[in-house]
Amino acid sequence: MPPTPPDGHRRLRRVPPALTACLGVTALLGAGLAAPTATAADGELMSYVVNTRPSATQLERAEQAVEAADGEVVQAWPQIGVLVVHSTSDSFATDVTRGRLGGAVESVGATRTAAVKERAAEAAQRMRTRQVDQTFEERQGVLVEAEAADPLEGEQWDMAQIGADVASDGSADVTVAVLDSGIDDTHPDLASQVDDANSVSCIDAGVPDTTRESWLPTTSSHGTHVAGTVAAARNGVGIVGVAPDSRLTSVKVVNDDGFIYPEYAICGFVWAAEHGADVTNNSYYIDPWQFWCTDDENQGAVVEAVRRAVDYSTRQGVVHAAAAGNSNVDLANKTTDSSSPNDTTPVQRDIHNGCLDIPAELDGVVTVASNDVNVAKSGFSNYGEGVIDVTAPGSSILSTVPGGYGRSSGTSMASPHAAGVLALLKAEHPRAKPHQLIRLLERQADDVPCPDDDRCTGSTADNAFFGEGLVDALEATGVRDGR
């Protein structure tokens, strides 16, 4: 995604899309002006999610309804009753709910407003070799070259701020799935951390691809940067992550254009749940809407499909951290959006609090704001009383990038600090369930009072800028006297 101010919530991409967290992620959709949906001309390949009840009978009936409406099931997730469907019929969304079989379809929603490209390029995508050209940080002129004899841990102000530099290192029994743009598993700080066997790409229309080439980074260094913050090894080289003894899986959900479509994220959450993850980090928002409005029939169906994937993963014992976003917006008082849909032509629309930044605003997901070296709100960070759960360092964060080390800013950089602390808590409390880990994370966070700013409402214990406070790696591991 195009480089938006900070590189953090999700946006790994060029300007249109939205990896806004670091990456940003994409736009919104309001209840005001009608927003475009999948209105491509008949004959263009469009993508949908079809929701049904997760039973064998209903799934079969829903699949038959899809076929009858001139659709093709590209990927089925029977665990959650969600089908990813492609169709060239401009009446598919209406036709699939009609007739005797249509009763099996609970809802249907377009996952993008642009025509599908990836299936047509499937063969080329699978055979593509890793190309990293120039990284985002290099283009910004801030790449830091590593020196094997001169570790960079002393430059990691963020780790000192949350006590990670003197906390214990976690456990190799804990795995963090990095849902992002891929991880460079040849980086000296990550080579020992990445579990190749359980890594995957989900960017082929939401169909899992486990070939190594598919989940390596291609056009973005974002996922590698995030991974280093979570768990760069303590090995005498470069930097050290929050939980350096943890394992990582690369779950690629960002395509080379920087988009994170719903079917990619759904695949990522279900995959993480079934392939050993304990924690997921989500430094993005789902495209093409920065905010998905639940009272819009089309967008509401997509929110439901993603919610099912997150809930399923949570039920399997996975806890989730997500970037709050980089638009300096009050998430508790949404009004308008002019940036969505970001994959075709954005429209000005009125929005409300039922329009959600997903996955950050879904139940059971830790929403992470960003602060700077002085524990002040990062200027780009979204905020909102009752929405922000915790804050973490996100301004000018040094971490791994393909070929070296670089600094990036964004809530995309804050979220992996929280994910790392969740990994430490899981190591300390291996039997803890996701909601218990979240409670521990919030209880052990250090209170940060509001500054003299009318936008910061709430108390010192829980407010719009910092939520329950600054994550605390040292307290999470029970260490009091340092190493």
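Before reading further, recall that the structure is shown in the block above.
Below or above, wherever it landed, is the structure these notes cover. (Residues numbered from 1 in each chain as written. Predicted model: local features only at pLDDT ≥ 70, side-chain atom pairs only at ≥ 80, totals over all residues. Heavy atoms only, no water.)

Here we look at the sheet that holds strand β5 (residues 82–87)
Rules: Paired strands, in this sense, are two strands between which DSSP finds at least two bridges. Put simply, DSSP H or I for four residues or longer makes a helix, DSSP E for two residues or longer makes a strand, and each gets a number counted from the N terminus. Angles shown run from 0 to 180 degrees and are taken between the N-to-C directions of axes, each axis being a line fitted to C-alpha atoms and, for helices, limited to the stretch in contact. Only heavy atoms enter the contact rule, under which two residues are in contact if any of them lie within 4.5 Å.
If you trace the four strands from one edge of the open sheet to the other, you get β4-β5-β3-β6, paired in antiparallel fashion. Edge positions in the open sheet fall to β4 (71–77) and β6 (107–110), since each of these has one partner strand only. Each neighbouring strand pair of the sheet contributes to a mean axis angle of 25°, computed without reference to strand direction. Two strands pair when backbone bridges link them, and strand β3 (residues 46–51) and β6 are joined in this way by four bridges, in the antiparallel orientation. Across the sheet, the residue bridging to Val50 is Val108, located in β6. The sheet strands contacting helix α1 (residues 56–68) are β3, β4 and β5, and the helix crosses β4 at an angle near 155°. Across the sheet, helix α10 (residues 297–315) touches β3, β5 and β6, and the angle it forms with β6 is around 100°.

Observations regarding the pairing of strand β8 (residues 200–204)
Threshold: Residue burial is assigned from relative accessible area. The probe radius is 1.4 Å, only protein chains are included, and a residue is buried under 20% of its type maximum, exposed over 50%, and partly exposed in between.
Taking burial as the measure, the five residues of β8 include five buried ones, the bulk of the element. Both β8 and strand β10 (residues 247–252) contribute to a ladder of two bridges, which runs parallel. The partner of Val200 across the bridge, within β10, is Val251. In this antiparallel pair of consecutive strands, β8 and strand β9 (residues 207–209), the connection spans two residues, and Ala205 shows a positive phi of 60°.

Regarding unusual backbone geometry
The amide bond that connects Asp287 to the next residue, Pro288, takes the cis arrangement and shows omega of 0°. Along the polypeptide, Pro288 turns up in the loop between β11 (279–282) and β12 (292–293). In this structure, Asp70 takes a positive phi of about 65° despite not being glycine. Inspection of the secondary structure puts Asp70 in the loop between α1 and β4. For Ala205, which is not glycine, the phi torsion reads 60° and is therefore positive. Secondary-structure assignment places Ala205 in the loop between β8 and β9. Taking relative accessible area as the criterion, Ala205 reaches 0% and is therefore assigned buried.

Some thoughts on the state of the cysteines
Short version of the rule: Throughout, disulfides are identified as pairs of cysteine sulfur atoms within 2.5 Å of each other.
Following the criterion strictly, the structure yields three disulfides and no others. Two residues share a disulfide in this structure: Cys293 and Cys355, whose sulfurs sit 1.9 Å from each other. Looking along the S-S bond of the Cys293-Cys355 disulfide, the torsion reads about 100°, which is the right-handed sense. Of this pair, Cys293 sits in strand β12 while Cys355 sits in strand β16 (residues 355–356), and the two are 62 residues apart along the sequence.

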